[in-house]
Amino acid sequence: MPSTQQTLFRQWLMLQALPRAPLRTTAADIADRLAGEGHRISKRSVERDLQTLSEVFPIECDDRSKPYGWSWMRNAPSFSLPGMSPLQALVLKTAEVHLKGLLPASQLAELKPLFQQASQTLGTKPNREGLAAWPRTIAVVPATLPLIPPEIDPDVLRTIHQALIDHRQVRITYQPRATKQNKSYAIHPIGLIQRGSVSYLACTVEDFEDPRLLAMHRIRKAEALDAAARKQPPEVMEAAKAMVTSGFSDRGPIKLVMRMASDAIAHIEENRLSSDQTISETDDPDWMLVKATVNDTEQLRWWLYGYADCIEVLKPTPLRRDFSNSFIAAAANYRGK
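Reading the values: the criteria
Residues numbered from 1 in each chain as written. Predicted model: local features only at pLDDT ≥ 70, side-chain atom pairs only at ≥ 80, totals over all residues. Heavy atoms only, no water. Helix = DSSP H or I, 4+ residues; strand = E, 2+ residues; numbered from the N terminus. Buried < 20%, exposed > 50% of the residue type's maximum accessible area, 1.4 Å probe, protein only. Contact = heavy atoms within 4.5 Å. Areas by Shrake-Rupley, 256 points an atom, 1.4 Å probe, with all protein chains shown as cover. Pairing = 2+ DSSP bridges. Axes fitted to C-alpha atoms, helices over the stretch in contact; angles between N-to-C directions. pLDDT = per-residue confidence, 0-100. Phe/Tyr/Trp six-rings, centres within 6.5 Å; stacked < 30°, edge-to-face > 60°. Salt bridge = Lys/Arg side-chain N within 4 Å of Asp/Glu carboxyl O.

Asker: Can you help me understand the overall build of the protein chain in this one?
Answerer: Tallying secondary structure elements over the protein chain gives 10 helices and 11 strands in all. Within the protein chain, buried positions represent 37% of all 337 residues. Put simply, of all contacts in the protein chain between residues at least 6 apart along the chain, 60% involve residues at least 24 apart. Taken as a whole, the protein chain presents about 20,900 Å² of accessible surface, with 54% of it coming from carbon and sulfur.

Okay, structure coming up:
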């Protein structure tokens, strides 16, 4: 006969093995997992334990078809042993504030039980005084215009997550931005990249080797396939991250030389453009000369456009020409109005 301690530990492992609805697992899978932990128990005993635990914990059985599937209820509070520490709860509450402007509502909903548990932990005595008050003393303010994150289909997100874990191919229906016509193809997922409020899936398509970046919110359907995905070295993911960081266009390093208004120069005195950045005076006290080695990316250009009336790009000549043409065209939009 197993001891009470062994029984409790086995049941704790069973609860940990349960996914959150709509994902499910079977009693046979749990029995296999327990065997790997050194607890040899029959599938029938697992079913009996789960029935008993369902009277105490918010777990449910989907008995519409065999094999029956078990899971935590969709809105069940997060369960973990040992309990969440006040420090862990604080980190989660801080993350909640930051992620509200980044993740779509469907992704935030998946994290809601953890945030609720964090609130409960910080709200219990004796945590109420110090750490519980911390989230009210911090604020996250976006550096750019806050945009509403595009919504991602929850089923698509779950399928992609599971495919990344299982290293499986996925057949997707995708709507490119340039056309309204959906396209369907099999992909080999590599990883997910978050840039601001948009999530991208790095992958290779069909038999092509070059990595692609697909906006997750444009994936209309996703179906996991039995075929294994091609394994990629870590450098491929790093290259995909660099593509997203650069705004999907990196023209290489340049020596940027520009004049910048003296009353705006503080923006780059503390947050430097590069390690070799220099700022020097000019003959005009209202302007400073800035030199820095940077990569010519869309991200750099967006930043420069944000200071349109405070800068004059001097070098390199192609960049100066691009900005000159853009500002001439922009000024034409306001003539006579």
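Asker: I tried to follow the side chain of Gln11 on my own but got confused; where do I start?
Answerer: Mapped onto the elements, Gln11 comes out in helix 1 (residues 4–17). For Gln11, a relative accessible area of 15% translates into the label buried. The contact partners of Gln11, leaving out residues within four places of it in the chain, are Asp49 and Leu53.

Asker: Looking at this model, I keep getting lost on the sheet that holds strand 8 (residues 250–261). Mind explaining?
Answerer: Sheet strands pair via backbone hydrogen bonds, and the direction of the pair is either parallel or antiparallel. One open sheet accounts for 4 strands, arranged 9-10-8-11; its pairing is antiparallel. The open sheet terminates on both sides in strands that have one partner only, identified here as strand 9 (278–281) and strand 11 (311–315). Here the average twist between neighbouring strands, direction ignored, is 30°. The sheet contact formed by strand 8 and strand 11 spans 4 bridges and is antiparallel. Among the inter-strand pairings, Met258 is bridged to a residue of strand 11, identified as Val313.

Asker: How do you make sense of the side chain of Asp49 when you look at a structure like this?
Answerer: Mapped onto the elements of the fold, Asp49 is located in helix 3 (residues 43–53). Here Asp49 falls in the buried class, since its relative accessible area comes to 11%. Those residues in contact with Asp49 that lie beyond four places of it in its chain are Arg10, Gln11, Met14 and Ile41.

Asker: Mind showing me how you'd approach the environment of Ala239 here?
Answerer: The topology assignment puts Ala239 in helix 7 (residues 234–245). When its relative accessible area of 38% is taken as the criterion, Ala239 is described as partly exposed. Sequence-wise, Ala239 and Ala202 are 37 residues apart; in three dimensions their C-alpha atoms are separated by 9.8 Å.

Asker: Hey, could you run me through the confidence of the model for the protein chain in this one?
Answerer: Segments scoring low in pLDDT should not have their predicted coordinates read at a detailed level. On average, residues of the protein chain carry a pLDDT of 83, and 87% of them reach 70 or more. For the protein chain, helix 5 (residues 105–123) is the element with the lowest average pLDDT, namely 75, and strand 3 (residues 168–174) is the one with the highest, namely 94.

Asker: So what exactly am I meant to see when it comes to the packing of aromatic side chains here?
Answerer: Centre-to-centre distance and the angle between the planes together describe a pair of aromatic rings. Enumeration over the complete set of coordinates arrives at 5 aromatic pairs. Note on Phe57 and Trp72: the rings are 6.3 Å apart at their centroids and 85° apart in plane angle, and the pair reads as edge-to-face. With a gap of 15 residues between them, Phe57 in the loop between helix 3 and strand 1 (59–62) and Trp72 in strand 2 (residues 69–72) connect regions that are remote in the sequence. Its relative accessible area of 25% is what places Phe57 among the partly exposed residues. Between Tyr305 and Phe327 the ring centres are 5.8 Å apart and the planes differ by 85°, which places this aromatic pair in the edge-to-face class. One end of the pair, Tyr305, is in helix 9 (residues 298–306); the other, Phe327, is in helix 10 (residues 317–332), and 22 residues separate them in sequence. Given the relative accessible area of 32%, Tyr305 is considered partly exposed. Here the aromatic residues Tyr305, Phe323 and Phe327 are joined through ring pairs into a cluster of three or more.

Asker: How should the pattern of salt bridges be read in this particular structure?
Answerer: A side chain with one charge may pair with a side chain of the opposite charge, provided their charged atoms come close. For the coordinates displayed, the defined rule picks out 15 salt bridges. One salt bridge connects Arg24 with Asp62, and the closest N-O pair in it is separated by 3.3 Å. Separated by 38 residues along the polypeptide, Arg24 in the loop between helix 1 and helix 2 (27–36) and Asp62 in strand 1 bring together distant segments of the chain. For Arg259, the salt bridge identified is with Glu312, shortest N-O distance 2.9 Å. On the criterion of sequence distance, the pair formed by Arg259 in strand 8 and Glu312 in strand 11 is long-range, its members being 53 residues apart.

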